[in-house]
Amino acid sequence: MHLPSHLRLSRCGVYQFRLVLPEALARALGQKEFRRSLGTKRPEGAKLLAYGLSARMLPLIRTMSRAMAFDPNSINPETARKLIFDNLVIDAGGLKASRVQTSDDPAVARMELLLLKQMAREAAGLSDGPSAEGEAYEQALREQREFMEATAKPAAPDRPKTIKDAIAGFLRFKKASAPATLGLYKRRLNVFAQLAGGEGRQLHHITEADCAEIVEALNVLPTHRAEVGTATSLLADPPEGRTLSVGTINDHVTLFKAFFGWSIRSKHYLGSNPFADPAKPTKTAEEGGAEAFTQSELERIFDPALFADMKRPYHFWGPLLGLYTGARSNELAQLRLCDLVEEGGVKCLSIEHDPDDESPTRTKNKASRRLLPIHAQLWEIGLQAYLDDLKAIGADRLFPTLPLDVHGKREKYFSRDFNELHLKNLGIWQKRRKVFHSFRDTATEAMAEAEVDTFLIEQWIGHAHETVMRTHYRKTVGPEKLSAKCWPAFTFPFLRLDEIRYEKGKWNEWMLRNLKP
């Protein structure tokens, strides 16, 4: 028997099965037709799949239509609707529920497809042996299965959340972070929400394919753009102009991965992390991060003639402290006089996280809080005379003219002036590569070349210990041992540091006029 195919082509090019119900049945059900996607774009395969559905449904519809012709009230409309649209079956006992398609259980779904295959082959008169029609039908079934798997909605977790609510929860979880860091997280997660389709979308509906598209869209995302649109719209019509750097893209992806990791642990998302292994772009040499200064660069940076003409105290002491500590720019810019302490007979800089103080300080993370022994060369250059000048003008910070910004930091002019006024004039500055942060790499390389224990290097630099042994069983060492092990690495015989001297009282009047709270 040659059954009608009842095919309809959707706007996406996928074939649908469409069956118009008899008038009496349609009137009872309040629905004129039945539709279902066949999950294939191949007409021959769609036709064979439609045969299977026809073979399943037409006998049932004819039986119900005949029954209703004699007695319109013989079948309850709700029961009829379930019979037809859930594909219930008829046996000797009458009508009963036995769902045979669209099950969420993969094992049941496989059985359903086998049953559909058997009925369709019988209806289409296909033999059990291999044939062109049989192979086409097998291919159509595979396409339908793949389509259904790709378009199936993921199961909802026990605690489903919209993207907006999940982001709010994640930011509360990260509340101990510095305000600047929280602000950065919020801005970047807002970008994720827009690319993913809006903050009202359910988080558990985000798939790995969505995330891959989001990472791809970050590559065409313009800088400083408040409204970014969806990932699909961006990729369809990439805007012109400057786009995010590779490093910034990777920072976004790292945050998104952390966000989904938290969502999984908080039972807002099921399955594995969709950002676990994205295809991230590779940094170029220019975007690869800060690099250590070379010997020739250090010789130009620490030319005694340049230091004699420095305009501000942080212009003078900033590079020297960077060279002998490898500390981050804000760690140095925010130092208070009370952060110069003595422990075990060694004078140190205490890098503290004290955001509630009248003069607040912040660190990047827990490992950043540390004691850094002050190298003898800094005292020889005149650090004590500078400290005496600060006390004489009533200052309570090492660089009392540096203002506090909206992010709770004081590094803006400290690092900017060094990069813009010092390194650029010397022809050393390179975007992201040769900047104040390069002193951290310079210090790290110096200690590594001196064969300082990696654990001590991490403690000095303020990095988190990576291994379980270091985290739980090996404790930090005191300043006396730390200085004994690390100071030998900070010898620079090629520099004329003995010619650099602080001129007592040089900036007292200027600092007194420009003190910042």
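Structure first, text after, so check above.
Values in this document were obtained by computation on a predicted structure and should not be read as measured data. (Residues numbered from 1 in each chain as written. Predicted model: local features only at pLDDT ≥ 70, side-chain atom pairs only at ≥ 80, totals over all residues. Heavy atoms only, no water.)

> For this particular structure, what's the right way to read the overall build of the chain?
The secondary structure content of the chain amounts to 22 helices and 8 strands. Looking at the 517 residues of the chain, the share that counts as buried comes to 44%. Residue pairs at least 24 apart in sequence account for 65% of intrachain contacts in the chain once pairs closer than 6 positions are excluded. (Helix = DSSP H or I, 4+ residues; strand = E, 2+ residues; numbered from the N terminus. Buried < 20%, exposed > 50% of the residue type's maximum accessible area, 1.4 Å probe, protein only. Contact = heavy atoms within 4.5 Å.)

> Looking at this structure, I do not really get the sheet that holds strand 7 (residues 346-351). What am I missing?
Remark on secondary structure: sheet strands pair via backbone hydrogen bonds, oriented parallel or antiparallel. Across the sheet, which stays open at both edges, the 3 strands sit in the order 6-7-8 with antiparallel pairing between neighbours. This sheet does not close on itself; its edge strands, each paired only once, are strand 6 (340-343) and strand 8 (370-373). Taking the axes of each pair of neighbouring strands and ignoring which way they run, one obtains an average angle of 45° across the sheet. (Pairing = 2+ DSSP bridges. Axes fitted to C-alpha atoms, helices over the stretch in contact; angles between N-to-C directions.)

> Help me understand the environment of His 224 in this model?
Tracing the chain through its elements places His 224 in the loop between helix 8 (208-218) and helix 9 (231-236). Accessibility expressed as a relative area gives 83% for His 224, which makes it exposed. When the C-alpha atoms of His 224 and Arg 242 are compared, they prove to be 9.4 Å apart, with 18 residues separating the residues in sequence.

> Would you mind showing me how to read the pattern of salt bridges here?
Side-chain pairs of opposite charge can arise whenever the charged atoms involved come near each other. In this structure the tally under the stated criterion is 13 salt bridges. Between Lys 434 and Glu 297 there is a salt bridge; the shortest N-O distance is 3.1 Å. Of the two residues, Lys 434 sits in the loop between helix 17 (412-426) and helix 18 (438-449) while Glu 297 sits in helix 11 (residues 295-301), which places them 137 residues apart along the sequence. In this pair, the class of Lys 434 matches that of Glu 297, namely buried. (Salt bridge = Lys/Arg side-chain N within 4 Å of Asp/Glu carboxyl O.)

> Is there a simple way to explain the packing of aromatic side chains in this structure?
The description of an aromatic ring pair uses the distance of the two centres, along with the angle that the planes make with each other. Evaluation of the coordinates by the stated rule reveals 33 aromatic pairs. Relative to Tyr 502, the ring of Trp 317 has its centre 5.9 Å away and its plane inclined at 45°; by these criteria the two rings are tilted. Taken together, the residues Trp 317 in helix 13 (residues 313-325) and Tyr 502 in the loop between helix 21 (479-486) and helix 22 (508-513) connect sequence positions 185 residues apart. For the residue pair Trp 317 and Tyr 502, the accessibility class agrees, reading buried in each case. Stacked on the ring of Trp 429, the Lys or Arg Lys 424 has its end atom at 4.4 Å from the ring centre. (Phe/Tyr/Trp six-rings, centres within 6.5 Å; stacked < 30°, edge-to-face > 60°. Lys NZ or Arg CZ within 6 Å of the ring centre and 35° of its normal.)

> What should I look at first to understand helix 8 in this one?
Given 3.6 residues to a turn, an α-helix orients residues that are three or four positions apart in the same direction. Buried residues of helix 8: Asp 210, Cys 211, Ile 214, Val 215, Ala 217 and Leu 218, and no others. One side of helix 8 holds all its buried residues, which, seen down the axis, span an arc of 160°. Of the exposed residues in helix 8, those oriented more than 90 degrees away from the buried face are Glu 208 and Ala 209. Where helix 8 is buried, its residues contact helix 7 (179-195), helix 9 and helix 10 (246-265). (Arc of directions from axis to C-beta.)

> What is the right way to read the side chain of Asp 210 from this model?
Examined against the element boundaries, Asp 210 turns out to sit in helix 8. Among the polar contacts listed, one links the side chain of Asp 210 to the side chain of Arg 201, at a separation of 3.0 Å. Once you skip the residues sitting within four places of it in the chain, Asp 210 turns out to touch Arg 201 and His 205. (Polar contact = N/O pair within 3.5 Å; in protein donor to acceptor, adjacent residues only side chain to side chain.)

> Looking at this structure, how should I read the packing of helix 6 (residues 163-173) against helix 7?
Two quantities define a packed helix pair, namely the angle between the helix axes and the distance between the axes. It is at 11 Å that the axes of helix 6 and helix 7 come closest, and there the two elements cross at 160°. One way to sum up the angle between helix 6 and helix 7 is to call them roughly antiparallel. Helix 6 and helix 7 meet at a crossing whose hand is right-handed. In contact with Ile 163, Ile 167, Phe 170 and Leu 171 of helix 6, helix 7 contributes Leu 182, Tyr 185, Lys 186, Leu 189, Phe 192 and Ala 193. (Parallel < 35°, antiparallel > 145°, perpendicular 65-115°, else oblique. Left-handed = near helix turned anticlockwise from the far one by under 90°.)

> Can you walk me through the pairing of strand 6 in this structure?
Regular strands place their side chains on alternate faces of the sheet. For strand 6 and strand 7, the ladder comprises 4 bridges, and the chain directions are antiparallel. Bridge pairing in strand 7 links Val 341 to Cys 348. If you look at the hairpin formed by strand 6 and strand 7, you'll find 2 residues sitting between the two strands, and Gly 344 has a positive phi there, around 60°.

> How should the side chain of Gln 194 be read in this particular structure?
Relative to the assigned elements, Gln 194 resides in helix 7. Separated by 2.9 Å, the side chain of Gln 194 and the backbone nitrogen of Val 228 make a polar contact. Apart from the residues within four sequence positions on either side, Gln 194 is in contact with Ala 226, Glu 227, Val 228, Gly 229 and Thr 230.

> Is there a simple way to think about unusual backbone geometry in this case?
Trans peptide bonds make up most of the peptide bonds, and negative phi angles are found at most residues other than glycine. Notably, Lys 267 is not glycine yet its phi reads approximately 65°, a positive angle. Relative to the elements of secondary structure, Lys 267 occurs in the loop between helix 10 and helix 11. With a phi close to 70°, Arg 432 is a non-glycine residue in the positive phi region. On the secondary structure map, Arg 432 appears in the loop between helix 17 and helix 18. Overall, Arg 432 belongs to the partly exposed group, its relative accessible area being 32%.

> Quick question: what am I supposed to make of the nonpolar core here?
Side chains of nonpolar character tend, in soluble globular proteins, to be buried together. With 61 residues, the main nonpolar core has Phe 302, Phe 316, Trp 317 and Met 447 as its most contacted residues. With 7 residues, the top contributor of residues to this core is helix 13. (Core = buried A, V, L, I, M, F, W, Y, C linked by side-chain atoms within 4.5 Å.)

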